[in-house]
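Results of the structural survey
This is what each chain is made of:
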Amino acid sequence: MSVRPGAPPPESADGTSADGRGGGANGGPGSGPGSGPGSAPAPGSKPDLTKLNLLLVPPRPRTGWRVLLARVAAMCAVELQKLRHDRTELYTRAVQPALWLLIFGETFTRIHAIPTGNTPYLDFLAPGIIAQSAMFIAIFYGIMIIWERDAGVLTKLLVTPTPRSALITGKAFAAGVKALIQAVVVIVIAAALGVGLTWNPLRLLGVAVVVILGSAFFACLSMTIAGIVLTRDRLMGVGQAITMPLFFASNALYPVAIMPGWLQVISRINPLSYQVDALRGLLLGTSSHHLLLDFGVLAFAAALGVAAASSLLGRLAR
């Protein structure tokens, strides 16, 4: 067969040209097997060991305290997700502290019935109302864990590798974050009423820590009671029975010095008193030489509450 000068040589049936050069599927040179970006490595070249290691060797698992912190954070995030779907609680909880400041605080400031030294009574009262609102949020937190038990959620959580202490701590600190949001509302109301608050960032950070620690203790106290009484109705009754005595047996409304002797003893073992004292020292700049003691008592109370609630969690799930 004759070939015109300059024309490419004809291809045979196996895809090779008459002069022995290979052609691709589309007739282009160099597009056959073994060429292109997705082709196998050339003989003698070394494979990419980094990619092989990522495929064959799993990442190193977290161990020790890092696992505990990760699971506590996960449980806290799960609890706070509920707040995104229903914010009604935040709005309704803001009503009571506003009434305490607007009615009780303003009235007693005018009549000077409670001696508070050089501090106006409304200023003296504001930190106590912050602590009270945080306690009221946390003290009924055990109802949620009873509801989770009734819905079967708690049993599923207990069969996971997550330690019981991590479950309790996550829920306790979620209560603390909710209380912190409530504290911001009370601080805004107090500032609008003319309370002389400090805006030092470090002191405000200390306020956040105090609110979270105090709320964590009361949330653990509620979950501990839930592990004892086992039903929502009983927990509601016990919670209502202890809430107001804890509040009135603290220094939230009046100084410890004007209390009867027996009430002073109760106030000194009441964690709410240490929370209020720390909030006054941080927000008002009053006596701050007790701050280390206040932080220590709150941290110890929160740790003790986590241990007690964790030990009763299995009884609650049965």
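For the structure, see preceding data.
Quick notes on the rules
- Residues numbered from 1 in each chain as written.
- Predicted model: local features only at pLDDT ≥ 70, side-chain atom pairs only at ≥ 80, totals over all residues.
- Heavy atoms only, no water.
- Helix = DSSP H or I, 4+ residues; strand = E, 2+ residues; numbered from the N terminus.
- Contact = heavy atoms within 4.5 Å.
- Phe/Tyr/Trp six-rings, centres within 6.5 Å; stacked < 30°, edge-to-face > 60°.
- Buried < 20%, exposed > 50% of the residue type's maximum accessible area, 1.4 Å probe, protein only.
- Lys NZ or Arg CZ within 6 Å of the ring centre and 35° of its normal.
- Axes fitted to C-alpha atoms, helices over the stretch in contact; angles between N-to-C directions.
- Parallel < 35°, antiparallel > 145°, perpendicular 65-115°, else oblique.
- Left-handed = near helix turned anticlockwise from the far one by under 90°.
- Nonpolar A, V, L, I, M, F, W, Y, C, P; charged D, E, K, R; others polar.
- Salt bridge = Lys/Arg side-chain N within 4 Å of Asp/Glu carboxyl O.

Topologically, Phe173 is positioned in helix 8 (residues 164–192). For the pair formed by Phe173 and Ser215, sequence separation is 42 residues and the distance between their alpha carbons is 7.6 Å. Residues in contact with Phe173, not counting those within four places in the same chain, are Cys76 and Ile212.

With that settled, the discussion passes to the packing of aromatic side chains. The geometry of two aromatic rings is summed up by the distance between their centres and the angle between their planes. Tallied over the full model, the rule gives eight aromatic pairs. For the pair Phe104 and Phe108, a centre-to-centre distance of 4.3 Å together with 25° between the ring planes defines the contact as stacked. Pair noted here: Phe104 and Phe108 are both in helix 4 (residues 95–111), with a separation of four residues, about one helical turn. Given the relative accessible area of 22%, Phe104 is considered partly exposed. In this structure Phe108 comes out as partly exposed when scored by relative accessible area, which is 23%. The interplanar angle of 40° and the centroid separation of 6.0 Å between the aromatic rings of Phe108 and Tyr121 together place this pair among those described as tilted. On the criterion of sequence distance, the pair formed by Phe108 in helix 4 and Tyr121 in helix 5 (residues 121–138) is long-range, its members being 13 residues apart. One residue, Arg280, lies across the ring of Phe124, its end atom 3.5 Å from the ring centre.

Here we come to the environment of Phe248. Here Phe248 is to be found in helix 10 (residues 232–248). Leaving out residues up to four positions away in the same chain, Phe248 has contacts with Leu253, Tyr254 and Leu263.

A word on the packing of helix 5 against helix 8. At a minimum axis separation of 9 Å, helix 5 and helix 8 run at an interaxial angle of 150°. As summarised for this structure, helix 5 and helix 8 are arranged roughly antiparallel, according to the angle between their axes. Judged by the sense of rotation from one axis to the other, the crossing of helix 5 with helix 8 is right-handed. Along its contact with helix 5, which presents Ala126, Ile129, Ile130, Ser133, Ala134, Ile137 and Ala138, the element helix 8 presents Ala175, Lys178, Ala179, Gln182, Ala183, Val186, Ile187 and Ala190. Among the residues making up the contact of helix 5 with helix 8, the classes are represented as twelve nonpolar, two polar and one charged.

Before going further, it helps to examine the pattern of salt bridges. Inspection of every chain in the model, using the stated rule, returns three salt bridges. With a shortest N-O distance of 2.8 Å, Lys171 and Glu148 are connected by a salt bridge. Of this pair, Lys171 sits in helix 8 while Glu148 sits in helix 6 (residues 142–151); the two residues are 23 residues apart in sequence, bridging distant segments of the chain. Using a relative accessible area of 3% as the deciding quantity, one classes Lys171 as buried. For Glu148, a relative accessible area of 4% gives the class buried. A salt bridge links Arg232 to Asp150, with the nearest nitrogen and oxygen atoms 3.2 Å apart. In this pair, Arg232 is assigned in helix 10 and Asp150 in helix 6, connecting sequence segments 82 residues apart. By relative accessible area, Arg232 is classed as partly exposed at 35%. Overlapping salt bridges bring together Arg149, Asp150 and Arg232 as one network.

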